[in-house]
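# Coordinate inspection notes
What follows is the residue order along each chain.
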Amino acid sequence: MPGLLRGVVRTAAIAGTATAVSNRVSRRQAGRWAQQEAQEGYAQQGAAYPAQAPAEPPPAPAAPSMEDKIAQLKELGTLKEQGVLTEEEFAAQKARILGS
């Protein structure tokens, strides 16, 4: 009986070690593939897009209209009634919306 138990324990230890090593190898290989794909993607982007002068920054978004602000406040009120927002969070978001 002790010989059988020893064999089972040994098999479990070997199987566990093999699984751990296999998982580590798979993760390392997947990381290498991802890195290789990223490098190839950057190389293709560089070839597809020749060097250009830096573009102008995008224009600032337009200030929200009063209708947008009212809609956002109604949404906040609904969230507060549902208990998603506390009174303090509601007040902070309300001040942010009205301040913009």
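Our structure is the block above this text.
Right, let's walk through the structure included here. Remember, it's a predicted structure, so these values are computed and weren't measured experimentally.

## Considering the overall build of the protein chain
A tally of helices and strands in the protein chain yields three helices and zero strands. In sequence order, the secondary structure elements of the protein chain are arranged as α-α-α.

## As for the pattern of salt bridges
Throughout the structure, instances matching the rule amount to one salt bridge. For lysine 80, the salt bridge is made with glutamate 87, and the minimal N-O distance between the two is 3.0 Å. Exposure remark for lysine 80: the relative accessible area of 31% places this residue in the partly exposed category. The class of glutamate 87 is partly exposed, set by a relative accessible area of 46%.

## Here we look at helix H2 (residues 66-81)
Here H2 is 16 residues long and its end C-alpha atoms lie 22 Å apart, about the 22 Å a rise of 1.5 Å per residue gives. The inward-facing, buried residues of H2 contact helix H3 (87-99). Just downstream of H2, glycine 83 is the residue with a positive phi angle, here 90 degrees.

Thresholds, definitions, all that
- Residues numbered from 1 in each chain as written.
- Predicted model: local features only at pLDDT ≥ 70, side-chain atom pairs only at ≥ 80, totals over all residues.
- Heavy atoms only, no water.
- Helix = DSSP H or I, 4+ residues; strand = E, 2+ residues; numbered from the N terminus.
- Salt bridge = Lys/Arg side-chain N within 4 Å of Asp/Glu carboxyl O.
- Buried < 20%, exposed > 50% of the residue type's maximum accessible area, 1.4 Å probe, protein only.
- Expected span 1.5 Å × (residues − 1).
- Contact = heavy atoms within 4.5 Å.

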